[in-house]
Amino acid sequence: MNLTLKIWRQKDSSSKGQMVDYKVTEISEHMSFLEMIDVLNEGLVAKGEEPVAFDHDCREGICGMCSMYINGEAHGPDRGVTTCQLHMRMFKDGDTITIEPFRAAAFPVIKDLVVDRSAFDRIQHAGGYISVNTSGNTQDANSIPISKQAADTAMDAATCIGCGACVATCKNSSAMLFVGAKVSQYALLPQGQVEAADRVKNMVAQMDLEGFGNCTNTGACEVECPKGISLDNIARMNRELMKASI
Amino acid sequence: MSVFSADLFNEVSHFMGTNPVVQFALQPVLIFGVVFHFVMGFILELQNTRARNVSYAKNNGGANSTWMSRNMIWSGIAILAFIILHFIDFWFPEINTKFIQGDWSGTMEGVEGFRYYEELVHKFMHPARVAAYVIAFVFLGLHLAHGFTSAFQSVGAASLRKKLEKVGLAYSIIIPLGFIFIALFHHLNH
Ligand code: HEM
Ligand code: SF4
Ligand code: FES
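What comes next is a walk through the structure. On a predicted model such as this, the values are computed, not experimentally measured, just so you know. (Residues numbered from 1 in each chain as written. Chains lettered and ligands numbered in written order. Predicted model: local features only at pLDDT ≥ 70, side-chain atom pairs only at ≥ 80, totals over all residues. Heavy atoms only, no water.)

## Remarks on the pattern of salt bridges
This structure, assessed with the given rule, holds 18 salt bridges over all chains. In this structure, the salt-bridge partner of Asp21(A) is Lys6(A), at a minimum N-O distance of 3.2 Å. Of this pair, Asp21(A) sits in strand β2 (residues 18–24) while Lys6(A) sits in strand β1 (residues 3–9), and the two are 15 residues apart along the sequence. On the basis of relative accessibility, which here comes to 48%, the residue Asp21(A) falls in the partly exposed class. Through salt bridges with shared partners, a single ionic network connects Glu94(B), Lys98(B), Arg115(B) and Glu119(B). (Salt bridge = Lys/Arg side-chain N within 4 Å of Asp/Glu carboxyl O. Helix = DSSP H or I, 4+ residues; strand = E, 2+ residues; numbered from the N terminus. Buried < 20%, exposed > 50% of the residue type's maximum accessible area, 1.4 Å probe, protein only.)

## Focus: the interface of chain B and chain A
At the interface, 29 residues of chain B touch 38 residues of chain A. Together, the buried faces of chain B and chain A total about 2600 Å²; carbon and sulfur atoms form 46% of this surface. Among the residues chain B hides against chain A, the three largest losses belong to Arg52(B), Tyr56(B) and Asn64(B). Together they make up 24% of the total. The interface formed by chain B and chain A holds two salt bridges in total. Here chain B is connected to chain A by 27 residue pairs in polar contact (both at pLDDT 80 or more). Taken together, the elements giving at least two residues each to the side of chain B that touches chain A come down to α2 (20–50), α3 (67–70), α6 (127–154) and α7 (158–163) of chain B. In terms of residues, the side of chain B that touches chain A owes the most to one element, α2(B), which gives five residues. Here the side of chain B that touches chain A is built from residues that sort into eight nonpolar, 14 polar and seven charged. (Contact = heavy atoms within 4.5 Å. Buried area = accessible area lost by both parts, 1.4 Å probe. Polar contact = N/O pair within 3.5 Å; in protein donor to acceptor, adjacent residues only side chain to side chain. Nonpolar A, V, L, I, M, F, W, Y, C, P; charged D, E, K, R; others polar.)

## Points about the coordination of the iron atom of ligand 1
Residues and elements named next belong to chain B. Taken together, the protein donors to the iron atom of ligand 1 comprise His37 (NE2) and His143 (NE2), at separations of 2.0 Å. His37 sits in the exposed class, given a relative accessible area of 53%. A residue is classified by how much of its surface remains accessible, and His143, at 15% relative accessible area, is buried. (Donors = N, O, S within 2.8 Å, 3.2 Å for Na, K, Ca; no water.)

Right, dumping it as structure tokens:
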């Protein structure tokens, strides 16, 4: 199929960017969205132009690197997928597709569609870990009883890949789904109890410091999250924070 | 009450308007609550718009969230405009009569018995005012359609949020509709 692309081009973090129109032809509907951009870039390189910079790594939906705001939605119109897992069959021949970087004050653009998501790393450093020594003296897994439900819910929270789609989607650029998932993952398990109070307080403080907005429960993040992280995790984080503050 | 009986409305209005618990405890708490809520609302909106310094060229909000949830600030501002109108209509005149002129009798020259019902009917004669009331209550309904369940989520009660979804929706339709009925009833009957 043949497509018109409107893509955000920005030379570096300090220059002003703008939307630029491109045409791509003979795109297979079986291509992933990133492969379609690869085709565009090969054409640009052949013409001696600067290729469109974009983030990617695993290309199998698990690393969380590929970002892109496609036609007004994080990771495009499909549900439960990252951009690398979005396929061109979701579009029609002749479509115009708008492609922008994830937008948030806390995610500054580095170049074109690449944004700096290290704010997430700093939130993790503030408390997204346990300090139990797990090397060499691991206990038998069954010696600490954990209910099936708690284990499953913790596992669901742990599937967050830190992609930032929740922030990009949220009208407030709030990171509460991400932080809620990271807090929940430990709050549900006995291993996470030791630092539970400090963890939630420090991670939320870092989140605010990075300039993310505040959750107003629109629920957009849950819909756009490629891993189906539930809003329940935000409620759990609110509960943990209240528990830690009194 | 004003729909069913003018006398009952008068009695209750006089009680509410002269009872010290209502006047000096409940009323300040309510006013403080509303002021606190909209001041916090504006601060929240300011922080949240700052959190996205460059906006999207194309954003498809309707794909993942309700209109109500994305426009709380606008439904809130409509309610605030109504509250200001309501204060000009009723609250300032009451405070003036009671606290400045010291008249706590609840009566008025040319009106037999208490004056409250008379004043109410008089206010709802003007179609523009009735329209303003009706529009404001539609916005209140929109505000509550998101706000009711949102409040449970904010305090961490996610399971209650889901259970009360229908209750919240019913509440945010029935309460404003009741107020709309009152305004229209008095407009059409006098
Ligand atoms: C005076 C004018 C008002 C303004 C400017 C205002 C503004 C706001 C804002 C900005 C929010 C948070 C945004 C969001 O959740 O998306 C909010 C939430 C809310 N508002 Fe209002 N509002 C006003 C009046 C009212 C009134 C009169 C009521 C109820 C009778 C009300 C009930 C609620 C509720 C229940 C919430 C949800 C709270 C939460 O999620 O924790 N508001 N309002
Ligand atoms: S919560 Fe979902 S959208 Fe947000 S960072 Fe994690 S995986 Fe991505
Ligand atoms: S490139 Fe790893 S999730 Fe898309």
